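Coordinates in review
Read off the chains here:
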Amino acid sequence: MATMKLGSKPEIFVLEGLTWRCMTELESDVVVEVGEMSFYLHKQFPLLSRSGVLQRMISAYQAPQEDGGGGGGMCTLQLDDIPGGAKAFELAARFCYDVKIELNAHNVVCLRCAAEYLRMTDDYAEGNLITQAESFLADVLANWKDSIKALETCEGVLPTAEDLHIVSRCITALASKACASDAAAWSTGHAAASASAVAVAAKNASYDALWNGIGSGGTPRGGGGGGAAGAAVGCSGMDWWYEDVSFLSLPMFKRLIQAMEGKGMRPESIAGAIMFYAGRFLPGLKRNTSFSNASFGGDCGAGSRSITPRAANVSAPSEGDQRYFLEEIVALLPAKKGVASTRFLLGMLRTAMLLHASPLCRENLERRIGAQLEDACLDDLLVPNLGYTVETLYDIDCVQRILDYFMSSTDGLGTGYTSPAVVEEGSQLGAPHAGSPSSLSPITMVAKLMDGYLAEVAPDTNLKLPKFQALAAVVPDYARPVDDGIYRAMDIYLKSHPWLSESEREQLCRLMNCQKLSLEACTHAAQNERLPLRVVVQVLFFEQLRLRTSIAGWFFVSGNAAAGGDGAPQPHPGGSAIVPKGAAAAGQSDADAEADEGKGKELPAEAITDVKARVSELEKECMSMKQEIRRLGKPRRSWSLLTRKCGFGTKVQQAQPTMSSK
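Residues numbered from 1 in each chain as written. Predicted model: local features only at pLDDT ≥ 70, side-chain atom pairs only at ≥ 80, totals over all residues. Heavy atoms only, no water.

Put simply, the test is: UniProt positions are given in the numbering used here, feature names are shortened, and annotations may be inferred rather than shown by experiment.
The name given to the chain in an unreviewed UniProt entry is NPH3 domain-containing protein, and the organism recorded there is Oryza nivara. The Sequence similarities (unreviewed entry) field of the UniProt record for the chain holds the comment "Belongs to the NPH3 family."

Topic: the packing of aromatic side chains
Filter applied, for reference: Aromatic pairing here means that ring centres of Phe, Tyr or Trp (its six-membered ring) are within 6.5 Å. Orientation follows from the plane angle: under 30 degrees is stacked, over 60 is edge-to-face, and everything else is tilted. Secondary structure elements follow DSSP: runs of H or I of four or more residues count as helices, runs of E of two or more count as strands, with numbering from the N terminus.
Scanning the model with the defined rule gives eleven aromatic pairs in all. For the pair phenylalanine 13 and tyrosine 97, a centre-to-centre distance of 5.5 Å together with 85° between the ring planes defines the contact as edge-to-face. A residue pair is termed long-range when its members are at least 10 positions apart, and phenylalanine 13 in strand S2 (residues 13-16) and tyrosine 97 in the loop between helix H3 (85-96) and strand S7 (101-103) qualify at 84 residues. Their ring planes at 50° and their centres at 4.9 Å tell us that tyrosine 277 and phenylalanine 281 sit as a pair that is tilted.

Here's the deal with the confidence of the model for the chain
We count it as follows: Known as pLDDT, the predictor's confidence for each residue is given on a scale from 0 to 100. By definition, residues are in contact when any of their heavy atoms lie within 4.5 Å.
Per-residue pLDDT for the chain averages 75, and the proportion of residues at 70 or more is 65%. Within the model, pLDDT remains below 50 along residues 288-314, and this stretch shows 61 contacts once partners closer than five positions in the same chain are excluded. Counting contacts from residues 410-439, a segment whose pLDDT is below 50, to residues more than four positions away or on other chains yields 41 contacts.

Focus: the pairing of strand S4 (residues 30-34)
Spelled out, the test is: Exposed residues in this analysis have more than 50% of their type's maximum accessible area, buried residues have under 20%, and partly exposed residues fall in between, with area computed by a 1.4 Å probe over protein chains only. One requirement defines pairing of two strands: DSSP has to find at least two bridges between them.
Burial runs high along S4: four of the five residues are buried. Connecting the antiparallel pair S4 and strand S5 (residues 37-41) is a turn made up of two residues, with glycine 35 showing a positive phi of about 65°. In terms of strand pairing, S4 meets strand S6 (residues 75-78) through four bridges, oriented parallel. Its bridge partner being in S6, valine 31 is matched across the sheet by threonine 76.

Quick notes on helix H24 (residues 502-509)
Put simply, the rule is: An arc is given here, and it is the one of the directions from the helix axis to the C-beta atoms.
Among all positions of H24, only Arg505, Leu508 and Cys509 are buried. Taken down its axis, H24 places every buried residue within 95° of arc, on the same side.

Description of the nonpolar core
Short version of the rule: The nonpolar core is taken to be a set of buried Ala, Val, Leu, Ile, Met, Phe, Trp, Tyr and Cys residues, with the residues joined through side-chain atoms within 4.5 Å. Here the limits of each domain have been adopted from an automatic or database domain assignment.
Core analysis: the biggest nonpolar cluster contains 161 residues, and Leu41, Phe89 and Leu373 have the highest contact counts within it. Counting contributing residues per domain, this core is built from domain 1 (3-61 + 74-164) and domain 2 (442-555), each supplying no fewer than three.

Description of the packing of helix H22 (residues 465-474) against H24
This is how the line gets drawn: Helix axes are fitted only over the stretch in contact, all axes being lines through C-alpha atoms; the angle between N-to-C directions runs from 0 to 180 degrees. Under this scheme an angle from 65 to 115 degrees is roughly perpendicular, one under 35 degrees roughly parallel, and one over 145 degrees roughly antiparallel; angles in between are oblique. Each crossing is labelled by how the near helix is turned from the far one, with a counterclockwise turn of less than a right angle marking it left-handed and a clockwise turn marking it right-handed.
For the pair H22 and H24, interaxial distance at closest approach is 10 Å and the crossing angle is 15°. In terms of their interaxial angle, H22 and H24 are classed as roughly parallel. Both H22 and H24 take part in a crossing whose hand is left-handed. Facing Leu465, Phe468 and Gln469 of H22, the residues of H24 in contact are Glu504, Gln507 and Leu508.

Below you can see the structure in the form of structure tokens.
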């Protein structure tokens, strides 16, 4: 901390209760009262020679004393409105008596304002207090920590500090230093932050929750959600000034943030400072944490700092103050998408509901969340229903609005989402590969998130079927590469609402695409007594169609290999088999590899044995499915029609002679 020593004389002031006495050979002849404190000083020297205000006041007070006794009485002056109060006047009095004092960042602002009030200019004495304070204030503003302390002390002398432009000078100095540091840190830490963000995204994308052996495709309930802003801030160390500015009052903080924006600071850094600041003053921003032990680490993208004891000792503001504070903070956030983490925005939305913030504030938060919903976590979306008419445990309508904002966002259907044609081309009878680009698109991530959310709210018996259907139907069918997640949510809803009629169950099941269920989900659905019989038959039908396709692919590959490995496509004996693109590509690549090594190689006996074993396994699976149909009460004639319609029986009969001839 910068300091400046003034004066050369030893201490001559003595405190007696609420009275300061100047212990000199001369008797005090003036009393200056500042609040409850009294200062016994001397009016001739040195006050008259240093302060224009005291000179004027003493001169005006002398006339009545001369009439009563020659001017020898005690002169009493009132200075209750002096900036800085008794502490500032004490320092000014010591300066007048040339007593040693030390200026620092804590007292220079108050002393400068008091000197202005007392008119201690160079017109009365060379090197007067105003000149000395201004000289030292320039040194204070050259240091970050001292500038913060000086700006904090401006709160107590705000009107005078504003008139003297001390507040604006402190804010300008702080904004310049923070912006310069931010630009330097961003240029050196951008690469590392980008790598960290990619790693986090890859980890989240590979997450796949299991339920009853079925991949639900949901996102993690906790963790993550910090977004690119949190990764960038944490990796590059650009949050060093967040805690320092978090002790400023809201008006000062707003002016500082606006000054930083004017100087070109990146929105990510500004949002990080705002999130850190909000964590100090909003006790209910984070779940399961009290105000005293609240920390603002990775949850809100502000780095790994924790609130210090200095911050923890601040008493919680009233509900009205918190509501005003929250609305101001929301309005202060940068408009750029993704700079504030989705978890922070959802926390702000929960707090806004608790504090009954204005509808405009809540709508602003919902729109921001909707614009980056793909970064949300399931736990954060579980917003309790705090309305006056509580129907459901969680606020379904709020999530519905957020999802609608996501679907209508400017980054939506035009650029960030996968078109229906692309998905349909890649998955005619099943799900696309997990590593395909569509599985990483924003709408696919939101679809997984919504499937998990539906599974969480499904056990609520007060959740009506139309509301459940409406929320599930917002996400289009092509956004779900696999429908295991929506099937899981539907099954939980059916289990929690056993009174649904058969028609209502069928309406609910229309949300699911039976062609996009995994093998585990099909196995579960075939044995699920809660599903309508018609849906079970559809599941079995598409599963048989998938098995038929797999067998046809095996025969196609083995036929090409047995013909000599020349890679020429050989028609299947049936002529109508559906060959998967993956199987055909695999067969072609195998044939090309064998052609490079030498044509005419025969297929090894082990490969033929494997194909026969695979066909045998598929036949056993079909037999078990046939038995399941019988158990459900389906006549044998329907089974025969189903197998003939699929062409599965014909294909097996044609395939077996072919295999045996080889």
